[in-house]
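Understanding the architecture of this molecule
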Amino acid sequence: MVDKPQSGELFGVPYNFERPSLKRLVSSYWQPGDGMLVEKPFGIGYTLNLANWRAWVVLAVAGAMLYQERRGGSDEFESEAEDEPVEVVVD
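Every value quoted in this text rests on a predicted model; they were computed, and no experiment measured them. (Residues numbered from 1 in each chain as written. Predicted model: local features only at pLDDT ≥ 70, side-chain atom pairs only at ≥ 80, totals over all residues. Heavy atoms only, no water.)

1. Topic: the UniProt feature "domain: DUF5808" (unreviewed entry) in the chain
Taking the numbering used here, the UniProt-annotated feature "domain: DUF5808" (unreviewed entry) corresponds to residues 36–56. Annotated as 19% helix and 38% strand, the span residues 36–56 places its first and last C-alpha atoms 9 Å apart. (UniProt positions renumbered as here; feature names shortened; annotations may be inferred. Helix = DSSP H or I, 4+ residues; strand = E, 2+ residues; numbered from the N terminus.)

Laid out in structure tokens, this is it:
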């Protein structure tokens, strides 16, 4: 029986199912000469390149959104709905 390849590309999306080593993990997440997205060290697809400043902006925005969601920003809308009646017009 023919062995299936452990890494490659399928429909333009990279995959790699080789056992990851610490050196390969570090080198895949920190590639100073590459763009914001780099191939994942294990699995399917792409991941952020932490050597690129744009990846840190993406992480900061995602962290700010997560913080705002967990803080409970929906309290403003609940208090407004209780104060005023709602008019519904049906044609």
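Moving on, there is more to tell.
2. Observations regarding the packing of aromatic side chains
Throughout the structure, instances matching the rule amount to two aromatic pairs. Aromatic pair F17 and F42: ring centres 6.1 Å apart, planes at 85°, arrangement edge-to-face. Residue F17 is found in the loop between strand 2 (13–16) and helix 1 (22–29), and its partner F42 is found in the loop between strand 3 (37–39) and strand 4 (43–44); the two are separated by 25 residues along the sequence. Residue classification places F42 among the partly exposed positions, given a relative accessible area of 43%. Members of the aromatic cluster, each reached through a chain of ring pairs, are Y15, F17 and F42. (Phe/Tyr/Trp six-rings, centres within 6.5 Å; stacked < 30°, edge-to-face > 60°. Buried < 20%, exposed > 50% of the residue type's maximum accessible area, 1.4 Å probe, protein only.)

3. What to know about helix 2 (residues 53–71)
The periodicity of an α-helix, 3.6 residues per turn, causes residues three or four positions apart to be oriented the same way. Here helix 2 is 19 residues long and its end C-alpha atoms lie 27 Å apart, about the 27 Å a rise of 1.5 Å per residue gives. Taking the backbone nitrogen of R54 as reference, a side-chain oxygen 2.9 Å away marks N52 as the first, capping residue of helix 2. Where helix 2 ends, the next residue or the one after it, G72, has phi of about 95°, a positive value. (Expected span 1.5 Å × (residues − 1). Polar contact = N/O pair within 3.5 Å; in protein donor to acceptor, adjacent residues only side chain to side chain.)

4. A closer look at the pattern of salt bridges
The full count for this structure, using the stated rule, is one salt bridge. Across the salt bridge formed by E18 and R24, the nearest N and O atoms sit 3.7 Å from each other. (Salt bridge = Lys/Arg side-chain N within 4 Å of Asp/Glu carboxyl O.)

5. Things to note about the side chain of N52
Looking at the element boundaries, N52 is found in the loop between strand 5 (46–48) and helix 2. Those residues in contact with N52, other than ones at most four positions away along the chain, are D34, G35 and M36. (Contact = heavy atoms within 4.5 Å.)

6. Some details on the pairing of strand 1 (residues 7–10)
Working note: regular strand, side chains alternate between the two faces of the sheet. Bridge analysis of strand 1 against strand 2 gives four bridges, and the strand direction is antiparallel. Looking at the pairing, G8 lines up with Y15 of strand 2. (Pairing = 2+ DSSP bridges.)

7. Description of the side chain of R24
With respect to the helices and strands, the residue R24 is situated in helix 1. A polar side-chain atom of R24 sits 3.2 Å from the main-chain carbonyl oxygen of R19. Residue contacts for R24: discarding those within four places in its chain leaves N16, E18, R19 and P41.

8. Focus on the sheet that holds strand 4
By way of backbone hydrogen bonds, the strands of a sheet pair with one another, either parallel or antiparallel. Taken in spatial order, the three strands of this open sheet run 1-2-4, and their pairing is antiparallel. Two strands in the sheet have a free side with no partner beyond their single neighbour: strand 1 and strand 4.

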